[in-house]
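Residues per chain, in single letters:
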Amino acid sequence: MTLHIVVTAKQVLDPETPLSAFNVADNAVSTAGNIPPVVNGYDEQAVEAALRIKEAHGDAKVTVLSCGTDFALDVIKKPLAMGADELVLLQDAAFENSIDPTMAVAALTAAIRKLGDVDLVISGRQASDWDNAQVPLGVAESLGWAVATIGRKVDVQDGTVRVERVLPDGHETVEAPLPAVVTVSNELGTPRYPNMRGIMAARRVQPTVWTVADLDLDGTASPAFELVSLKKPERAVQTEMITGDDDADAGRKLALRLREERVL
Amino acid sequence: MADALIIGEITDGAPASATLEGIAAARRMGAGQVAVLLPGADAASAASAAIAGGADIVYTIVDGPAADGEFDALVDAAQAAVTLSGARYVIGAKTLTGRDVMPRLAFRLGTALASDCSVVSLDDSGRLIATRPVYGGNAEASVACLGSVAVASLRPKSVDALEPDTSRIGEVSPLAFEANVRTRVLERVEEAGEGVRLENARVVVSGGRGLGGPEPFDSLRELANMLGGAVGASRAACDAGWVPSGYQVGLTGKTVTPDLYIAVGISGASQHMAGCSNSRTLVAINKDAGANIFKEARFGVAGDWQKVLPAFMEQLHELMG
Ligand SMILES: Cc1cc2nc3c(=O)[nH]c(=O)nc-3n(C[C@H](O)[C@H](O)[C@H](O)COP(=O)(O)OP(=O)(O)OC[C@H]3O[C@@H](n4cnc5c(N)ncnc54)[C@H](O)[C@@H]3O)c2cc1C
Ligand SMILES: Cc1cc2nc3c(=O)[nH]c(=O)nc-3n(C[C@H](O)[C@H](O)[C@H](O)COP(=O)(O)OP(=O)(O)OC[C@H]3O[C@@H](n4cnc5c(N)ncnc54)[C@H](O)[C@@H]3O)c2cc1C
């Protein structure tokens, strides 16, 4: 039987965007200029994990799901170019990226139900910048599926998934029955680069688009939060640059200064 | 019955520091009666420390999968404790366990988690207001939790625990619940780190891509040893394989709050700063005077570490006799 793997992939602001490009004003964060979005880095690792399983398993299909209001097609097609089979965009004005993961969870859950035969969902451990790491756990709870987070190795065998989880000082192996949701981390290794054939093939694939209506969502999932304020915190740090005749001298002066301040 | 429920943890036979911080946060925001869930073999003895730390009710689980730390069972236990206590405010911590358990609990309760908060408070109408640093501390967001139950997790070490008061009295009761464990731990491998634990170190010396390879980390180790500290790293250094991933400080690594943090050859990306910006004194050595790390550092040297560091260490040696 074909193993059906869903990878969730989010289009995000490039996390390498320099901090100076971020503007915090009027309860919103904006970026200066035209910085192209990227596929969330951990989600590329999720694609990589799915493709490795597909290679080991033979009979498997990888569907990528992404939820948002609008997409840069050449960006969000990258998983296809890497080797994923299908792309479904959950695209609707209601899927605006907000402070609230409720809608993304509802949409992804509904899409996975609609696909019907999904065995395994693989997600990035978190979307860049916010460190929420909630969406995959929410999807697992909504579906009532088992979950394992922060994997560096994911294997499927006999109706179970085995995940090697990264711990702060070591690792552990867990096993869960399918269907299940797994999140992966950068320790999984560098995701493959799309090759020319992949890129050409991806170009020909038309993504499927599902809206709120296609997903039978009423579009008004009751929000969990309301933004009260977003502001730049007061910076308390006064930086003191230590200089000297040369770099070595500055190093010596640093030691003396730290002693003076009783830091050492 | 209680107004606030803290999803607690036990370490070394006592309530975890993050748990005592959660209790303190609930007390300070004026939540009323505070209950704590304590799963673990030592829960009965840890309960008195939780009460001294400000709890009114302690729900204990002394055996079974939740006491063993299985996430599935902990979510089931937490859900049962919410129901039993009738709490309106549920507070956990962004610990290894909390990262998995708290979001799942929030979704089970029909809401979402206000994660990684540095401050929690109540507004005039009793809504929980959660404040968290975002964009690596470059912005601070406050959200009001709207549902009938608010679920938040605190970033460890962002609030102080209360002074223990052993004269406080409270109620201790075992929690009955049904656990449905699906994800099972087959094996756990500890990769024993040498020396001082990064998370507890008073001094942390971290290296980044600017070190250029694994060997320079020996100098950082020597410096850390001199100061009784531990060595950390940026993700770039970990990803390059120069040091194990357990060294990583930052958003997706460890959070450290030492008295002294020395960053060598680290640019100061927001994701790195998220793990060290609460250090008391931050010192940066970087050859690029425009590096972001100098915006966050208390003391900086704009220079080549290969020249700065040996001289710094030599001088230090002299000072320390
Ligand atoms: C005041 C405030 C302002 C915020 N503003 C913003 C903002 O401007 N931009 C922003 O991005 N976030 C913002 N957030 C974070 C926001 O609350 C959501 O939590 C967040 O967008 C959803 O969680 P996440 O993206 O961190 O996903 P996580 O749960 O961290 O994502 C983990 C994984 O879930 C999957 N996933 C998540 N979302 C999607 C999706 N839409 N499609 C497909 N897969 C997905 C991906 O595989 C991803 O790797 C803000 C938060 C606060 C408190
Ligand atoms: C979702 C997400 C999560 C992340 N989580 C983390 C995390 O937990 N921790 C983390 O650290 N990063 C994390 N990152 C990565 C982060 O964005 C940066 O890429 C990373 O921190 C950069 O590491 P670095 O400062 O060592 O390297 P670089 O940014 O390359 O900086 C190297 C610095 O060394 C200096 N240098 C070079 N040579 C010398 C010399 N001879 N002497 C002195 N200075 C020199 C340079 O001037 C430069 O400033 C994350 C990224 C994402 C997207």
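Everything discussed here concerns the structure shown above.
Please read all numbers here as calculations on a predicted model, not as lab measurements.

Some details on the sheet that holds strand S15 (residues 240–241) of chain A
Argument step 1. Reading across the sheet, the six strands line up as S15(A)-S18(B)-S17(B)-S16(B)-S14(B)-S15(B) and stay open at both edges, with parallel pairing between neighbours. Each edge of the open sheet is held by one strand with a lone partner, namely S15 of chain A together with strand S15 (230–233) of chain B.
Argument step 2. With five bridges connecting them, strand S14 (residues 203–207) of chain B and strand S16 (residues 260–264) of chain B associate as parallel partners. Opposite serine 206 of chain B, over in S16 of chain B, you have alanine 263 of chain B as the bridge partner.
Argument step 3. Across the sheet, helix H7 (residues 247–260) of chain A touches S15 of chain A together with strand S17 (281–286) and strand S18 (299–302) of chain B, and the angle it forms with S18 of chain B is around 170°.
Argument step 4. Where helix H5 (residues 216–226) of chain B meets the sheet, its contacts fall on S14, S15 and S16 of chain B, and the angle it forms with S15 of chain B comes to roughly 140°.

A closer look at the site of ligand 1
Argument step 1. Near ligand 1 you find 26 residues, and of these Thr8, Lys10, Asp43, Asn97 and Asn132 of chain A are the closest.
Argument step 2. Those residues lying near ligand 1 are distributed over chains A and B.
Argument step 3. Only strand S6 (60–68), strand S8 (120–124) and helix H5 (135–143) of chain A together with strand S10 (139–145) of chain B provide two or more residues apiece to the shell around ligand 1.
Argument step 4. Among the elements that take part in the shell around ligand 1, S6 of chain A stands out by supplying three residues, more than any other.
Argument step 5. Partitioned by chemical class, the residues of the shell around ligand 1 number 13 nonpolar, 10 polar and three charged.

Let's talk about the interface of chain A and chain B
Argument step 1. Opposite the 76 residues of chain A that make contact, chain B presents 79 residues.
Argument step 2. When chain A packs against chain B, close to 6,900 Å² is buried across both sides, 57% of that on carbon and sulfur atoms.
Argument step 3. If you look at where chain A meets chain B, you find eight salt bridges.
Argument step 4. Taking the shortest distance from any N to any O, the salt bridge between aspartate 169 of chain A and lysine 254 of chain B comes out at 3.1 Å.
Argument step 5. For the pair chain A and chain B, the number of links is 29 residue pairs in polar contact (both at pLDDT 80 or more).
Argument step 6. For the side of chain A that touches chain B, the element with the most residues is H7 of chain A, which contributes 11 residues.
Argument step 7. Grouping the constituent residues of the side of chain A that touches chain B by class yields 40 nonpolar, 15 polar and 21 charged.
Argument step 8. Pairing between strand S11 (residues 170–177) of chain A and strand S13 (residues 184–190) of chain B: six bridges, direction antiparallel.

Re the packing of H7 of chain A against helix H9 (residues 305–319) of chain B
Argument step 1. Axis separation between H7 of chain A and H9 of chain B bottoms out at 7 Å; the angle between their running directions is 40°. As the angle between them shows, H7 of chain A and H9 of chain B are arranged oblique. Of the two elements, H7 of chain A crosses H9 of chain B, and the hand of that crossing is right-handed. Contacts between H7 of chain A and H9 of chain B pair Asp247, Ala248, Gly251, Arg252, Leu254, Ala255, Leu256, Leu258 and Arg259 of chain A from the former with Lys307, Val308, Ala311, Phe312, Gln315, Leu316 and Leu319 of chain B from the latter.

How each quantity is defined
Residues numbered from 1 in each chain as written. Chains lettered and ligands numbered in written order. Predicted model: local features only at pLDDT ≥ 70, side-chain atom pairs only at ≥ 80, totals over all residues. Heavy atoms only, no water. Pairing = 2+ DSSP bridges. Helix = DSSP H or I, 4+ residues; strand = E, 2+ residues; numbered from the N terminus. Contact = heavy atoms within 4.5 Å. Axes fitted to C-alpha atoms, helices over the stretch in contact; angles between N-to-C directions. Near = heavy atom within 4 Å. Nonpolar A, V, L, I, M, F, W, Y, C, P; charged D, E, K, R; others polar. Buried area = accessible area lost by both parts, 1.4 Å probe. Salt bridge = Lys/Arg side-chain N within 4 Å of Asp/Glu carboxyl O. Polar contact = N/O pair within 3.5 Å; in protein donor to acceptor, adjacent residues only side chain to side chain. Parallel < 35°, antiparallel > 145°, perpendicular 65-115°, else oblique. Left-handed = near helix turned anticlockwise from the far one by under 90°.

Geometric descriptors of this kind do not, in isolation, establish any biological role.
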